[in-house]
Amino acid sequence: MNFHTRKWVKPEDLNANGTLFGGSLLRWVDEEAAIYAIVQLGNQKVVTKFISEINFVSSARQGDIIELGITATEFGRTSITLTCEVRNKITRKSILTIDKLVFVNLGEDGQPKPHGKTEITYIKDQFND
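Let us look at the structure shown here. Computed from a predicted model, the values in this text were never measured in an experiment.

Observations regarding the pattern of salt bridges
One pass over the structure, following the stated rule, counts four salt bridges. Residue arginine 92 is joined to glutamate 67 by a salt bridge in which the shortest nitrogen-to-oxygen separation is 3.4 Å. Separated by 25 residues along the polypeptide, arginine 92 in the loop between strand E5 (79-88) and strand E6 (94-105) and glutamate 67 in strand E4 (residues 65-75) bring together distant segments of the chain. The exposure class assigned to glutamate 67 is buried, which follows from its relative accessible area of 1%. Beyond isolated ion pairs, a larger network of salt bridges with shared partners links Arg6, Glu67, Arg87, Lys89 and Arg92.

Structure representation (structure tokens):
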């Protein structure tokens, strides 16, 4: 799993218990996963179709730096399935895991559209030297 996106937990991200609000974390995960799907499918028109069980493993507190890791696990005809882990950047302690996030590739008409992808594309492979 590649961990690229980092977030700094700030006071506005906290719940009444002084820990990271789950809704803030899920917003970050959905946004990062959508960006990952867009890059992989080469199309800015993708939508979240499904998110499996969300497992909150531990808490993050103000000042923590967390990192989000996303990896593609399956390519359907019009969809891409991802897995996600969020962890503390310094301690590497897991904060959240999601086994399955499914995004659907859309055409200009807003309907599912085949994407033709079958494997993960890495940024370094998208450019010729």
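Don't stop here, the text continues.
Looking at the nonpolar core
Counting residues in hydrophobic clusters, the biggest one holds 26 residues, and the most contacted among them are Leu25, Val29, Ile66, Leu82, Val86 and Phe103. Residue assignment for this core shows that the elements contributing at least two residues are helix H1 (22-41), E4, E5 and E6. If one sorts the elements of this core by residue count, H1 sits on top with eight residues. Apart from the residues lying within four places of it in its own chain, the contact partners of leucine 82 are Ala33, Tyr36, Ile70, Thr71, Ala72, Thr73, Asp99, Lys100, Leu101 and Phe103.

With respect to the environment of threonine 121
Along the polypeptide, threonine 121 turns up in the segment after E6. Judged by relative accessible area, threonine 121 falls into the partly exposed class, the value being 24%. As for threonine 121 and glycine 42, which are separated by 79 residues in sequence, their C-alpha atoms are 9.8 Å apart.

A short note on a nonpolar patch on the surface
Together, Ile51, Ile54 and Phe56 make up a nonpolar patch on the protein surface, roughly 240 Å² of accessible area in all. Here phenylalanine 56 is to be found in strand E3 (residues 54-56). Classification of phenylalanine 56 by relative accessible area gives partly exposed; the value is 44%.

Observations regarding the side chain of glutamine 40
By secondary structure assignment, the location of glutamine 40 is in helix H1. For glutamine 40, the residues in contact, after removing those within four places along its chain, are Phe75, Ile80, Lys117, Glu119, Ile120 and Thr121.

Some words on H1
Taking 1.5 Å per residue, 20 residues should reach 28 Å; H1 reaches 28 Å between its end C-alpha atoms and fits that length. Every buried residue of H1 is accounted for by Ser24, Leu25, Trp28, Val29, Glu32, Ala33, Ala34, Tyr36, Ala37, Gln40 and Leu41. Of the surrounding elements, those touching the buried residues of H1 are strand E1 (2-8), strand E2 (46-51), E3, E4, E5 and E6.

Regarding the pairing of E4
For E4, a buried count of eight out of eleven residues is recorded, marking the element as mostly surrounded by other parts of the structure. Of the strand pairs in this sheet, E1 and E4 are connected by six bridges, and their pairing is antiparallel. Looking at the pairing, asparagine 2 lines up with isoleucine 70 of E4. Summarising the sheet, E4 and E5 pair through nine bridges and their orientation is antiparallel. The residue bridging glycine 69 from the neighbouring strand is glutamate 85, located in E5. Adjacent in sequence and paired antiparallel, E4 and E5 are bridged by three residues.

Criteria and thresholds
Residues numbered from 1 in each chain as written. Predicted model: local features only at pLDDT ≥ 70, side-chain atom pairs only at ≥ 80, totals over all residues. Heavy atoms only, no water. Salt bridge = Lys/Arg side-chain N within 4 Å of Asp/Glu carboxyl O. Helix = DSSP H or I, 4+ residues; strand = E, 2+ residues; numbered from the N terminus. Buried < 20%, exposed > 50% of the residue type's maximum accessible area, 1.4 Å probe, protein only. Core = buried A, V, L, I, M, F, W, Y, C linked by side-chain atoms within 4.5 Å. Contact = heavy atoms within 4.5 Å. Patch = residues over 30% accessible without salt bridge, like charges linked within 9 Å, V, L, I, M, F, W, Y side chains within 5 Å. Areas by Shrake-Rupley, 256 points an atom, 1.4 Å probe, with all protein chains shown as cover. Expected span 1.5 Å × (residues − 1). Pairing = 2+ DSSP bridges.

Everything listed here is a matter of coordinates, which is why it stays silent on function.
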